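Listed below, chain by chain, are the residues.
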Amino acid sequence: MRRTHRCGEISGELLGQDVRLQGWLWHERDFGGVKFLDIRDRAGFVQCVIDPTAAPGAHAASTEWGAEFVVEIEGTVIAREERNVNPDLPNGDVEVQVHTARLLSRSETPPFVIEDEPRTSEETRLRERFLDLRRAPLQRSLALRHRLSMATRNVLDAAGFYEIETPMLTRSTPEGARDYLVPSREAPGSFYALPQSPQLFKQLLMISGFDRYFQIVRCFRDEDLRADRQPEFTQIDIEMSFAEIQDVRALTEDLMRALLEAAGHDPDVEFGEMSFREAVDRFGSDRPDLRYGRELLDVSGVFGGSGFKAFAGVVASGGVVKALRVPGGGAWGRSRFDKLTDVARDAGAKGLVWMKFSEGEIASPIAKFLDAETIDELKSQTKLEEGDALLIVGDQWEPACMAVGGLRTHLARSEEWAADGMRFVWITEFPLLEENVEAGRMVARHHPFTSPMVEDLDKLETEPLAVRAQAYDLVLNGIELGGGSIRIHESEVQSRVFSALGIDVEEAGEKFGFLLRALSFGAPPHGGIALGFDRIVMMLAGLDSLRDVIAFPKTTSASDLMTNAPGGVSAAQLQELGIEVVAREDGE
């Protein structure tokens, strides 16, 4: 039963050769008794021809075949007649003249047709994922994923890295997203956590002297999902000893160029850089898409002393007024601006002011509060032209910028602003800490093991929000591919950061005592990065959803429709673990 070739490997180089193929019957056509069968496997498909006069046995054997039956055929590779050549197919100039045919496995009628562009719901395809995965686009995505994982290993191995596995069952350290918890049978009432990241373990490996570590590792976060987020995901995890920021970035850029080349893209790309403050101020995002312009405009000076008291008050209190000029927006009606107001609120704005310049007139809900001189100044500063609109938000600096940035991102999609190519940019100098109003304390912008910038260390106790981190994110076309930092390698500095986060000595000892102890035994300066492997594959494949590059993904409600996970467990299992299921306060 050994096949000689995969279906997609049949080409003109095999003309005249006998082959044995095995795969799935994809399409069947009958022309006056002569059958044309498309046989498919992971390499592609090939057209096979059964002539009832030349191969009566094969013709009879194939009579009751149906879609997705698993079959074997033997035949000779021949050239197609010139009028039947299909130049759009890799092997559209050849076919296999069948001698013998054999059924290997029957198939029930599939619930949907296996085709490149499915005509069924994603829910159905996820429920029948084993069938959905037969589609050529998904086969190509997972083949690309394999090539990129191999390229990653080759690059990092050549750079002197060891691939070392870290534990899947570890201790809960809820400083970021919610953990997935795993009950311990041996210690009732105690729980492991699935790792959100191997962060602490890779730092311990540096302290242990392994110098250069990497891992293509599964991680888990119990958080709300989007098209570019899954509860279990894969990241390329990297850590280096005796390294500075430029060392980590240079290695990452080399890796990304290798991955671009492996995916068939031009690896000769540039990596830009801008600080967190510059990115937010210019683009309203710490992961800006640089493929199109439309930068944010600061019009605080125009509104500071204006008759529109809401914006004047914002400026007087130290806030800013940011605007986005939208060419063509002057033709929009009130309902469109109302929808954009909802977008702005979802992005954190308290509201949205709009202004449009159409037929020589300025129209805006706030026009009556502005004199002609103020309107002229606003038009001049924003270069507002006939047919344009302005979208304006006033607030404190970061929320104002982020809200207008949210509008920029939304309009880039809805208006299909030109966005071609690969635009990489490093975002640096993030704030080390931010204030969590709900928790009533400081939290780490990245994670609590990120080193402050040396020149800001003295501000840790007096101006904690002014402390910048030795952190860096890599962004591609508005998508964060990953982030990293130089880590804290001195226990005294780590204790100070814990204190700034409201973690007292007792809590720090309980949660991170092993790390503090390890840092006291000669920790080298070290740093690293974690790159979202799923996102990289998605971007390099030119796709919009992580579900298209993961073999068995979850839905946006973190469920697996194929296996019906998560599911219940028996009372005996719960009893053995010492767990009782009770209703939540919301009744669920």
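Structure: above.
Residues numbered from 1 in each chain as written. Predicted model: local features only at pLDDT ≥ 70, side-chain atom pairs only at ≥ 80, totals over all residues. Heavy atoms only, no water.

Trainee: Sorry if this is basic, but what is going on with the side chain of D395 here?
Mentor: With respect to the helices and strands, the residue D395 is situated in strand β16 (residues 388-395). A distance of 2.9 Å separates polar atoms of two side chains, one belonging to D395 and the other to K350. Ignoring any residue separated from it by four or fewer positions in sequence, one finds D395 in contact with V314, G319, V320, K350 and A400. (Helix = DSSP H or I, 4+ residues; strand = E, 2+ residues; numbered from the N terminus. Polar contact = N/O pair within 3.5 Å; in protein donor to acceptor, adjacent residues only side chain to side chain. Contact = heavy atoms within 4.5 Å.)

Trainee: In this structure, what is going on with the packing of helix α4 (residues 136-158) against helix α15 (residues 533-540)? I would like to understand it.
Mentor: Each pair of packed helices can be summarised by the angle the axes make with each other and by the distance between the axes. Where α4 meets α15, the closest approach of the two axes is 10 Å, and the angle between their N-to-C directions is 120 degrees. When the interaxial angle is binned, α4 and α15 end up oblique. Viewed along their axes, α4 and α15 form a crossing whose handedness is right-handed. Where α4 abuts α15, its residues S141, L144, R145, L148 and S149 lie against F533, D534, I536, V537 and L540. In the contact of α4 with α15, the residues fall into 6 nonpolar, 2 polar and 2 charged. (Axes fitted to C-alpha atoms, helices over the stretch in contact; angles between N-to-C directions. Parallel < 35°, antiparallel > 145°, perpendicular 65-115°, else oblique. Left-handed = near helix turned anticlockwise from the far one by under 90°. Nonpolar A, V, L, I, M, F, W, Y, C, P; charged D, E, K, R; others polar.)

Trainee: Got a minute to help me understand the nonpolar core in this structure?
Mentor: As a rule of thumb, nonpolar side chains are buried together in soluble globular proteins. Membership of the largest hydrophobic core comes to 61 residues, with the highest contact counts inside it found for L340, L391, L411 and I427. Residue contributions to this core peak at 8 residues, all from helix α12 (residues 397-414). Sequence-distant contacts of I427, defined by excluding residues within four places in its chain, comprise M274, S275, F276, A279, D286, P288, A471, Y472, D473 and V475. Within the second largest apolar cluster, 39 residues are counted, among which are L144, L481, M538 and I550. (Core = buried A, V, L, I, M, F, W, Y, C linked by side-chain atoms within 4.5 Å. Buried < 20%, exposed > 50% of the residue type's maximum accessible area, 1.4 Å probe, protein only.)

Trainee: Looking at this structure, how should I read the environment of W417?
Mentor: Its location among the elements puts W417 in the loop between α12 and β17 (424-428). W417 gets classed as buried once you look at its relative accessible area, which sits at 12%. If near-sequence neighbours (up to four positions away) are discounted, W417 is found in contact with Y292, R294, V326, R408, L411 and A412.

Trainee: Got a minute to help me understand the sheet that holds strand β1 (residues 18-31) in this structure?
Mentor: Sheet strands pair via backbone hydrogen bonds, and the direction of the pair is either parallel or antiparallel. Here 5 strands make up a closed barrel; going around it, the order is β1-β2-β3-β5-β4 and the pairing mixed. The mean angle between the axes of side-by-side strands here comes to 55 degrees, regardless of whether they run parallel or antiparallel. In the sheet, strand β4 (residues 70-79) pairs with strand β5 (residues 94-105) via 10 bridges, with the strands oriented antiparallel. Looking across to β5, one finds that V71 is bridged to L103. (Pairing = 2+ DSSP bridges.)

Trainee: Please clarify how a negative patch on the surface should be interpreted in this entry.
Mentor: A grouping of D371, E373, D376 and E377 is seen on the molecular surface, where their side chains present a negatively charged patch. Looking at the secondary structure, you find D376 in helix α11 (residues 372-382). The exposure class assigned to D376 is partly exposed, which follows from its relative accessible area of 47%. (Patch = residues over 30% accessible without salt bridge, like charges linked within 9 Å, V, L, I, M, F, W, Y side chains within 5 Å. Areas by Shrake-Rupley, 256 points an atom, 1.4 Å probe, with all protein chains shown as cover. Salt bridge = Lys/Arg side-chain N within 4 Å of Asp/Glu carboxyl O. Lys, Arg positive; Asp, Glu negative; His and termini not counted. Charge placed at Lys NZ, Arg CZ, Asp CG, Glu CD.)

Trainee: Would you mind showing me how to read the sheet that holds strand β14 (residues 353-358) here?
Mentor: Read from one edge of the open sheet, 5 strands run β12-β13-β16-β14-β15, paired in antiparallel fashion. Looking at strand neighbours, the two that pair on one side only are β12 (297-298) and β15 (361-363), the edges of this open sheet. With 3 bridges connecting them, β14 and β15 associate as antiparallel partners. Residue pairing across strands places S358 opposite E361, the latter belonging to β15.

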